[in-house]
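Coordinate inspection notes
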Amino acid sequence: MRRKRAYRYRFYPTEEQKQILAKTFGCVRYVYNWGLRLRTDAYYNDSKRLYYKDLSAQLTALKRQKETVWLNEISSVPLQQELRHLDRAFINFF
């Protein structure tokens, strides 16, 4: 008989790591909400659907704006992955 095992790990980040994680989580949350708003507005106002490819291109333009230049302080990988998660959520919903 096979047993499932679970392991618990505890992570004790340094102060610098805490700051990096807080910045990353904040940027990811911002990008998710930004993408959700764009997709929702496009669907209800223009009756068209935006996909990951569209949002990824717009994210590059968003990162160049003066108001959101702080998005460049973290790696682009979590931001792109969050757009993929948003895309998957919409595909699963519809």
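Rules used in this analysis
Residues numbered from 1 in each chain as written. Predicted model: local features only at pLDDT ≥ 70, side-chain atom pairs only at ≥ 80, totals over all residues. Heavy atoms only, no water. Helix = DSSP H or I, 4+ residues; strand = E, 2+ residues; numbered from the N terminus. Rg over C-alpha atoms; globule rule 2.2 N^0.38 Å. Buried < 20%, exposed > 50% of the residue type's maximum accessible area, 1.4 Å probe, protein only. Contact = heavy atoms within 4.5 Å. Areas by Shrake-Rupley, 256 points an atom, 1.4 Å probe, with all protein chains shown as cover. Lys, Arg positive; Asp, Glu negative; His and termini not counted. Charge placed at Lys NZ, Arg CZ, Asp CG, Glu CD. Expected span 1.5 Å × (residues − 1). Salt bridge = Lys/Arg side-chain N within 4 Å of Asp/Glu carboxyl O. Core = buried A, V, L, I, M, F, W, Y, C linked by side-chain atoms within 4.5 Å. Patch = residues over 30% accessible without salt bridge, like charges linked within 9 Å, V, L, I, M, F, W, Y side chains within 5 Å.

In terms of helices and strands, the protein carries three helices and zero strands. Going residue by residue from the N terminus, the α and β elements of the protein occur as α-α-α. Over its C-alpha trace the protein gives a radius of gyration of 17 Å, far above what one expects of a compact globule, namely 12 Å for 94 residues. Structurally, the protein occupies a C-alpha span of about 50 × 45 × 15 Å along its principal axes. Scored against the burial criterion, the 94 residues of the protein give a buried share of 26%. Of the contacts formed within the protein by residues at least 6 apart in sequence, a portion of 66% connects residues at least 24 apart. Surface summary for the protein: the accessible area is close to 8000 Å², and the carbon and sulfur share equals 52%. One finds the centroid of the 19 positive side-chain charges in the protein at a distance of 12 Å from the centroid of its 9 negative side-chain charges.

The terminal C-alpha atoms of helix α1 (residues 15-46), which comprises 32 residues, lie 46 Å apart, in line with the 46 Å expected from a rise of 1.5 Å per residue. Packed against the buried residues of α1 are α2 (52-64) and α3 (76-93). Where α1 terminates, the next one or two residues include S47, which has phi positive at roughly 55°.

Bringing the pattern of salt bridges into the picture now. Tallying each qualifying case throughout the model produces three salt bridges. Ionic pairing is found between K18 and E15, a salt bridge with its closest N-O pair at 3.4 Å. Linking K18 with E15, this pair stays in helix α1, spanning three residues, or about one helical turn. Residue E15 is classed as exposed on the basis of its relative accessible area of 55%. Between R39 and D87 there is a salt bridge, with the nearest N and O atoms lying 3.0 Å from each other. With R39 in helix α1 and D87 in helix α3, this pair connects stretches of sequence that are 48 residues apart. The two residues R39 and D87 agree in class, both being buried.

Counting residues in hydrophobic clusters, the biggest one holds 15 residues, and the most contacted among them are V31, W34, L59, L79 and L83. Among the secondary structure elements, those contributing two or more residues to this core are α1, α2 and α3. In terms of residue count, α1 provides more of this core than any other element does, five residues in total. Contacts of V31, omitting those with residues within four sequence positions, involve L59, L71, L79 and L83.

Looking now at a nonpolar patch on the surface. Together, Y43, Y44, F93 and F94 make up an exposed nonpolar region whose accessible area comes to about 530 Å². Topologically, Y43 is positioned in helix α1.

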